[in-house]
Structures are given as structure tokens and as C-alpha cells.
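Structural description and commentary
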Amino acid sequence: MNELQKRIYVAGHRGMVGSAIVRNLKARGYKTILTRSHDELDLTDQAQVRQFFAEEKLDQVYLAAARVGGIHANNAYPAEFIYSNLMVQTNVVHEAWLTGVQQLLFLGSSCIYPKLAMQPMAEETLLTGKLEPTNEPYAIAKIAGIKLCESYNRQYGTDYRSVMPTNLYGPGDSYHPQNSHVLPAMIRRFHEAKLAETPAVVIWGTGTARREFLYVDDMASASVHVMTLSAAQYAGHTQAMESHINVGTGEDLTIAELAALVSEVVGYEGRIETDPSKPDGAPRKLLDVSKIRQLGWQASTSLRAGIALAYQDFQHSLQNEEVAV
């Protein structure tokens, strides 16, 4: 079959990552990209997922659907994070196998690695230590997703691959004041502080924790790149029980440095203060991206340029909110 004629289902197309994957596939000329909203298809419902896969006769699946959030959301809703993600992954992977889908890409998260993993975190550090407590339920679900794909590959000969992105940001992100991730949360807070002429913005933690950030359209590019690799190419850089590949920039910065950069892009001129009484999370989360680079891909969007694009997206989302009201 011609690559561009494949029937491709992108699960989670309304999310930040899923929408970026759809953009990338369309730009590459793929003809048949199937999507379903949550109202049309509840991925936690096995019967609905089974009917969808049986009817659509898919060739490829991008599993980007997930319940996600920052430290606050993970702490507040641990049961929802582990239940929803486990159910979605189990249903989609199993029904993909039942209906003969040979290629599937599972999108995980860098939080799968131990809190005190050696830096940068290579793929083989998975399951070598304790996880960061604030997002352990989500991380457990993502680890299960990797092992689910590996198990079906080992037993049934499928070609289900996994990519583990670092912290993502960009168009389609959530800018919720409590439940969003650190970078979009900062964009909102500095924007609001600028408008209100607030003298200082307080960021959680000591500001010394280090994080890596990847623009979401770069992540989409990496995802499609990995899916277009031959089975021999992918297998040549992975193992049967260590089959995931990290995706990131290979560079990080402190939360304090990130705050200063966001403040500059937004145009906020007040002070930046820290609140050490709030959690830092893991001290450092930098991915070893040597495998993905050996496979011919690397990120192309600088952090400053990406934040500027994300800020434009945030302002656009505010305009849409005003129109809706």
C-alpha cells in the first residue's frame, strides 16, 4: 500500500499533541486521517472502542489521548489520572491488535523515569528506582502503556512503538490557572501580572529544579518520523523489553531561568520571587536523546521562539473566550 493512502487514526486529536500530529500528517500529504471527539467515542469504554476499530479497518494508530496535568492536578486527582490512562491504553492497544492494526505509536512521558535517575535520563534507566511521588499514578500508567505495546509485540508480532517526550508546550496547550503544566501556567500568570501591573510574580518551589522543554510541533515531527522508520531501523536501536525512544532537545534550564525567559517574552517588568514552601518536583529531568538523533531526527524550534509562538496561541485563546462569552 502507498504510505500516503493508509487509514490512520489519531486518538486525542483535540489535545495539544494529537492536533499537532494531525497537522504534520496533513502537511506530509496523508489522505485518510480519522479522528473522533470524546462525545463520539469514549476511549475508556471497551464496547465503543471495539465497535470503532471493527468498523474502520485501520492501518495505523497514534495513541496521543491521555489525561494530563501539572503538579497540582496530579496531586489532586491521582485516581482519575491512573484509571483514565490505563483504560484508554488498554482498550486502544487491545482492539488495535484484534482488528489487525500492525503499526501503533504510543506517546508516553519523561515522568516514567526515577526521580533520582542519572542525568541525562537514558531509556535503560526505566524501572531502576522510585518515581517522583507527585505524579506517580500518571507515570505508572505510562509505564504500563510501554509494557503493553512490548508484550503484544513479543506475543503477537505486532509493530507497536513508544516515544517518550520531555515537557511539551505550544499551540493547543491548557492555560488553566491551577491544572496546567509549568510553562503555560507561567505564560498566563506573567500575562495577567503585566495587565494588572502586579509588582511581583511568585513561582512555586526554589526555582533551582531543572527542566527540558520541547515545542509540540517538533514532537509531532518526531512521532511521524518514528512511525515511518522501517521495522529493522527501529529494532536496531531498541530491544524487545526496552523499546521506547526518548524525544527532546537535549538541553535544560532552571525554573528560575524559565520564568525570566517567559517574563521577557510576555513583556512583564516586575520582580520574580520563589516560594520554597511549594514542591519543586524532581530536581532535574533531562532526556538522553542520542537514540532519536541516531535515527535521523532532532528538534528545530528554539525555546525562545517556541515560547513566543505559545504566547501568541494563549492570546488567541483569550480572544476566543471573549467571543464565546
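Everything below is about the structure printed above this text.
In this report, we go over the structure that sits alongside the text. What you see is a predicted model, and the numbers here were worked out from it, not measured in a lab. (Residues numbered from 1 in each chain as written. Predicted model: local features only at pLDDT ≥ 70, side-chain atom pairs only at ≥ 80, totals over all residues. Heavy atoms only, no water.)

The next point concerns the overall build of the protein. Of the regular secondary structure elements, the protein holds 11 helices and 13 strands. At 20 Å, the protein has a C-alpha radius of gyration in line with the 20 Å of a compact globule built from 325 residues. Projected onto its principal axes, the C-alpha positions of the protein cover 60 × 45 × 35 Å. Among the 325 residues that make up the protein, the fraction classed as buried is 53%. Long-range contacts, defined here as pairs at least 24 residues apart, represent 83% of the contacts in the protein between residues at least 6 apart. Summed over its atoms, the accessible surface of the protein is roughly 14600 Å², and 51% of this surface lies on carbon and sulfur atoms. Averaging the locations of the 29 positively and 35 negatively charged side chains of the protein gives two centres separated by 3 Å. (Helix = DSSP H or I, 4+ residues; strand = E, 2+ residues; numbered from the N terminus. Rg over C-alpha atoms; globule rule 2.2 N^0.38 Å. Buried < 20%, exposed > 50% of the residue type's maximum accessible area, 1.4 Å probe, protein only. Contact = heavy atoms within 4.5 Å. Areas by Shrake-Rupley, 256 points an atom, 1.4 Å probe, with all protein chains shown as cover. Lys, Arg positive; Asp, Glu negative; His and termini not counted. Charge placed at Lys NZ, Arg CZ, Asp CG, Glu CD.)

Ranked by internal contacts, the top residues of the largest apolar core, which has 69 residues, are Tyr 9, Ile 21, Leu 43, Phe 53, Tyr 62 and Leu 104. Ranked by size, the runner-up nonpolar core spans 25 residues in total, among them Met 186, Ile 187, Ile 203 and Ile 307. (Core = buried A, V, L, I, M, F, W, Y, C linked by side-chain atoms within 4.5 Å.)

A complete count under the given rule lists 11 aromatic pairs for this structure. Ring geometry for Tyr 9 versus Phe 53: centroids 6.1 Å apart, planes at 85°, classification edge-to-face. With Tyr 9 in strand E1 (residues 7–11) and Phe 53 in helix H2 (residues 46–56), this residue pair connects regions lying 44 residues apart in the sequence. The residues Tyr 9 and Phe 53 share a single accessibility class, namely buried. Between Trp 97 and Tyr 156, the aromatic rings sit 4.0 Å apart at their centres with planes inclined by 25°, giving stacked as the arrangement. With Trp 97 in helix H4 (residues 78–98) and Tyr 156 in helix H5 (residues 136–156), this pair connects stretches of sequence that are 59 residues apart. Under the relative-accessibility criterion, Trp 97 is labelled partly exposed at 25%. For Tyr 156, a relative accessible area of 38% corresponds to the partly exposed category. Taken together, the ring pairs connect Tyr 9, Phe 52 and Phe 53 into an aromatic cluster. Between Arg 67 and the ring centre of Phe 81, over which it is positioned, the NZ or CZ distance is 5.5 Å. (Phe/Tyr/Trp six-rings, centres within 6.5 Å; stacked < 30°, edge-to-face > 60°. Lys NZ or Arg CZ within 6 Å of the ring centre and 35° of its normal.)

Spatially, the 3 strands line up as an open sheet ordered E11-E8-E13, and their pairing is mixed. The sheet is open, and its two borders are formed by strand E11 (253–254) and strand E13 (284–285), each paired with just one other strand. Bridge analysis of strand E8 (residues 210–211) against E13 gives 2 bridges, and the strand direction is parallel. Among the inter-strand pairings, Arg 211 is bridged to a residue of E13, identified as Lys 285. (Pairing = 2+ DSSP bridges.)

Contact geometry for helix H6 (residues 182–196) and helix H9 (residues 255–266): axes closest at 9 Å, N-to-C directions at 45°. Looking at the two axes, H6 sits oblique to H9. Viewed along their axes, H6 and H9 form a crossing whose handedness is right-handed. Every residue of H9 that contacts H6 at Val 182, Leu 183, Met 186, Ile 187, Phe 190, His 191 and Lys 194 is listed here: Ile 255, Leu 258, Ala 259, Val 262, Ser 263 and Val 266. (Axes fitted to C-alpha atoms, helices over the stretch in contact; angles between N-to-C directions. Parallel < 35°, antiparallel > 145°, perpendicular 65-115°, else oblique. Left-handed = near helix turned anticlockwise from the far one by under 90°.)

This part covers the side chain of Thr 249. Note on placement: Thr 249 falls in the loop between strand E10 (244–247) and E11. Residue classification places Thr 249 among the buried positions, given a relative accessible area of 14%.

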